[in-house]
Amino acid sequence: DDKENQNMGINLRPPDVKAEERKHKKARKALQVESRFESLRMLPEVATLVMHQMVAKPPQLFGFAESAKRSDKKLPLQQQTEKLRSQARRIFKLMLTSGLFRFVEMSKPTKPLHVEAALDHYTPTLIWNQELRSELKDYLHHEISMTKKNGSWNRWKEDFRFAHKALNSHLIVSDVYIKVLNKQASSYKLPAHVHPDELLKELIDHLNRFCKSCLPGWKTANSMLSDSKETKEGLQSEADPLVGVPDEPSQSQLNTLIDLLTAIIRLLRSYPKICHVYTKHMWNLPLLLAQNNCKLKQVVLEVIHEFSKEMVFSNLLHPHAHLLHAVLAARQTPTSQVPDAKLNIHLLAALCKDPIRGVRKLKSIKLPSQKHKRPIAKELVQGGLILTLAKVLIDRKFYNMDQRKEAAKLCGELCASAAVGKDASMILNTIFSWQIKPHLSRAVSRPEGLIDFIDDTVDSPTVYWTDEVREEITGFISKEVAELRSHSEDFIISVQRGDPFPLPYTWHYSRIRQRFYLKTVQSRLYVGGIFVESLVNNPYFKLKTKSFTMELLAALQQRFDNYLSGQKDSKLIGEICLLIQALSNMVTNLPHMVEQLLKMDKLQLVYRFFWEDVTEMKMKSLALKLANSCAINDLAARHVAQQRLIRVVLPLLVTETDDLEQVINLILQHVRRSSAVVDQIRMMGGLVILGSMFVNRKLKNTLRGLVASLIGAMTNDAMYGQDITDMMCEMFTSKFRGAFQSSASIVLKFCDRDHLDSKGRYWNRHKRELVQAFLEKHAHALAPQIKLWNGTQELFHTDQLNLIWKEENHESKK
């Protein structure tokens, strides 16, 4: 072509061959570099694909395609291939961690493995960071260099071991990081590939295996509670010795137990429906309460509380009821170092509500309750549960309000129970007195009412509850609880050593009334639902008068009969005085009460205190006050006249010296309202007694003035006033006839002044002394006769006064 071009006269520039070659070489090199970078970019994706095919694809990729065609060796080949694939899975999982390995297993992951591996992750199912990447790179570089040197890599066999040192502090169960799970928010949900029920089973199994390795009593308890002889799943046979188990778990081991239990709580609260999951080791959980770690006990109680919502676990909890009670009863340290009593009491309440349910179905577990079908509530009451609850109720310094409310609620439930209601009520009523009854009946729906009653200080007619009462109750409970607490501590130690069913405590509550008497309350007079002493101190307290008055009078009659029969101790006298004073306050505040006394025919009881066989002056004084309150009623005055009750009052003017004013006022009230009483006083010689007091200048003028008012009231009586006036003029002088119509002060001045009447009687100091001596002599003689007066005869005649005034008349004639 070049020669032809030249012959044709065409001038062509010869090409630069070397330049063209350089150009093509450069282009090929650039293409090779681009291809190499493209290969490097695709390499992670290809590696991920190969890894996925190795763990999930058929066995052709392993080089066994030709051998797989032989049908006679198909089964052994599949087994060998599956073994290799399983080993590959294990290797990849150890190097990448289970979280990243999940992206290898997925055929269509959301993000490629190499993308996820380049990011940092910190979740319950995946932890991956720069430290883990560096650790894995260093390991792989080392292994690759060794493989190049040796020509092969033999670590893929069964002895392959690799673990990230950065993950050594993490507790991993079923590919879940437990500590990270426990730190998540309450709204966190597990990924879809993690099944909560399977994770719960793994946690419980892991917990059981871990407990066997670090708790001395776990294996022994297991062998005693199970008939199984297998050890494959961790069950311990009866002949299996405790080899290599420490005496007490270390703090790190206790922390691991707490982490496992916390994860179980989280699962149960996030997924309530998985509570039905049951494994053969679940019944062992309550045994952890025997460990000496407060936080562990608290977490165990929370786990039991979550599981107790399911009936199966509730049945399994019954054998450990005494252990739950022992944990509550053995509390001696401050609240910050003990588990929450509220949760403990709540679990005990759940056990006490119903009899044992479904225990017969649990054939693999030997329960003492199968020998006798006595309800758990009965066993716990026999074991001193109510005593422990009483300690919680009364001790407001040690227990908080929520714990005490839970105890109050359980007390109410026990009292309402058909199995133990009678015994529970008897115990609580003995310890806290009968005042607790209305609050106990409402404790289930309103437990704070019972707590308020125990904490308040009240001294009212219906409630007497003071610091002294609480101190006495606290002293008795502390004395009774001491033995229970000591036994509970030994009980827990026995469980910790491997005996799940040591003998429970036996509290002899049937004799509690012989051991305890609430003196501060029981010694106070209590009648008709009322504390009488408090009623006296609160005279205006509103009462149901009809029912209470009947019981009050019955109590007064009974005690007064005991007094008359010879029982005259200070306690009985004090109670009689309180009853009289309470009745007096009622009559003063409610005057119509007198009519009720008359209907019940109890007014005679009041006047019975004025007899001479009643020697206690305080009783007579209070009875006089009561009689004065009743005397303002016209019906009462009429009744006194009909029954001639004034005859027991008049002698008091002679025999008594302290309450003469009350006696005179009582007679005056009756005189003003009943003419019959005036006539009875005249016939019994009462004017002699009144006259002797009237002229006695040794008495106070106030007292003499009352006597003058009484005589004046009698002289003014419509029916017998004239007769009374005549008798008084016969005793003194005729000039006294008009004097008694004046005021008491004028009458006294007239009596103390000398005068001469129309009959020639000279009234002076000498005659006053003679009249006084004469009347006092006859007054003392009349006193015993008045009490026996039959109502018809006259005990004194004014003719006897002639002995004095005859001498005066004779002297005047001379």
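Report on the accompanying structure. (Residues numbered from 1 in each chain as written. Predicted model: local features only at pLDDT ≥ 70, side-chain atom pairs only at ≥ 80, totals over all residues. Heavy atoms only, no water.)

1. Some details on the environment of tryptophan 789
Using the following cut-off: Starting at the N terminus, helices and strands are each numbered in turn, a helix being any DSSP run of H or I of at least four residues and a strand any DSSP run of E of at least two. Residue contacts are counted whenever heavy atoms from the two residues lie within 4.5 Å of one another. By the criterion applied in these results, polar contacts are pairs of N or O atoms within 3.5 Å in which, for protein atoms, one can donate a hydrogen and the other can accept it, and in which residues neighboring in sequence qualify only through two side-chain atoms.
When you line up the elements, tryptophan 789 lands in the loop between α39 (765-787) and α40 (802-813). Beyond its immediate chain neighbours, meaning those up to four positions away, tryptophan 789 contacts Arg644, Arg647, Gln680, Met683, Met684 and Leu795. A distance of 2.7 Å separates a polar side-chain atom of tryptophan 789 from the backbone oxygen of glutamine 793.

2. Concerning helix α38 (residues 744-751)
Test applied: Between buried and exposed lies partly exposed: a residue is buried under 20% and exposed over 50% of the maximum accessible area for its type, with that area taken using a 1.4 Å probe on protein chains only. When we speak of the arc, we mean the arc of directions from the helix axis to the C-beta atoms.
Turning to α38, its buried residues are Ala744, Val747, Leu748, Phe750 and Cys751. Considered in projection along α38, the buried side chains sweep an arc of 160 degrees and stay on one side of the axis. As for α38, its buried residues are in contact with α34 (686-694), α35 (701-715), α37 (736-739), β9 (755-756), β10 (762-763) and α39.

3. Focus on the environment of glutamine 130
Counting through the fold element by element, glutamine 130 comes out in helix α6 (residues 130-150). Polar side-chain contacts of glutamine 130 include one of 3.2 Å to the side chain of arginine 133.

4. What about the pattern of salt bridges?
So the rule is basically this: One side-chain nitrogen of Lys or Arg within 4 Å of one carboxyl oxygen of Asp or Glu is enough to make a salt bridge.
All told, the structure shown has 22 salt bridges when counted by the stated rule. With a closest N to O distance of 2.7 Å, arginine 608 and aspartate 613 form a salt bridge. In this structure arginine 608 comes out as buried when scored by relative accessible area, which is 18%. Residue classification places aspartate 613 among the partly exposed positions, given a relative accessible area of 32%. The shortest N-O distance in the salt bridge between aspartate 679 and arginine 682 comes to 2.7 Å. Placement of both aspartate 679 and arginine 682 in helix α33 (residues 675-683) is noted, with a separation of three residues, approximately one turn of the helix.

5. A word on the environment of aspartate 402
Structurally, aspartate 402 can be placed in helix α17 (residues 401-416). Judged by relative accessible area, which is 43%, aspartate 402 ranks as partly exposed. In sequence terms aspartate 402 and glutamate 448 are 46 residues apart; their C-alpha atoms lie 9.2 Å from each other.

6. Structural notes on the packing of aromatic side chains
Threshold: Note on aromatic contacts: the rings of Phe and Tyr and the six-membered ring of Trp form a pair at centre separations within 6.5 Å, being stacked when their planes are under 30 degrees apart, edge-to-face when over 60 apart, and tilted otherwise.
One pass over the structure, following the stated rule, counts 21 aromatic pairs. Judged by centre distance (6.0 Å) and plane angle (25 degrees), the rings of tryptophan 434 and phenylalanine 531 are stacked. One end of the pair, tryptophan 434, is in the loop between α18 (421-432) and α19 (437-441); the other, phenylalanine 531, is in strand β8 (residues 530-531), with 97 residues separating them in the sequence. Residue class for phenylalanine 531 comes out buried when judged on its relative accessible area of 0%. Where tryptophan 507 meets tyrosine 509, the ring centres are 6.1 Å apart and the plane angle is 45 degrees; that geometry is what we call tilted. There is no split in this pair, since tryptophan 507 and tyrosine 509 are both buried. In this structure an aromatic cluster arises from ring pairing among Phe694, Phe732, Phe736, Phe740, Phe750 and Trp763.

7. Digging into the packing of helix α32 (residues 660-673) against α33
What counts, and what does not: The axes used here are C-alpha line fits, helices contributing only the stretch in contact, and every angle between their N-to-C directions lies in the interval 0 to 180 degrees. Note that the term roughly parallel is reserved for angles under 35 degrees, roughly antiparallel for angles over 145, roughly perpendicular for angles of 65 to 115, and oblique for everything else. When residues are sorted by character, Ala, Val, Leu, Ile, Met, Phe, Trp, Tyr, Cys and Pro go into the nonpolar class, Asp, Glu, Lys and Arg into the charged class, and all the rest, Gly among them, into the polar class.
It is at 5 Å that the axes of α32 and α33 come closest, and there the two elements cross at 120 degrees. Classified by the interaxial angle, the pair formed by α32 and α33 is oblique. Together, Ile667, His670, Val671 and Arg673 of α32 and Ser675, Val677, Val678 and Ile681 of α33 make up the contact between the two elements. Residue composition of the contact of α32 with α33, by class: five nonpolar, two polar and one charged.

8. Some points on unusual backbone geometry
The phi torsion at aspartate 175 lies on the positive side, around 60 degrees, for a residue other than glycine. With respect to the element layout, aspartate 175 can be found in the loop between β3 (172-173) and β4 (176-177). A relative accessible area of 33% means that aspartate 175 is categorised as partly exposed. The backbone of arginine 644 sits at a positive phi, close to 55 degrees, despite the residue not being glycine. Relative to the helices and strands, arginine 644 is located in the loop between α30 (634-642) and α31 (652-655).

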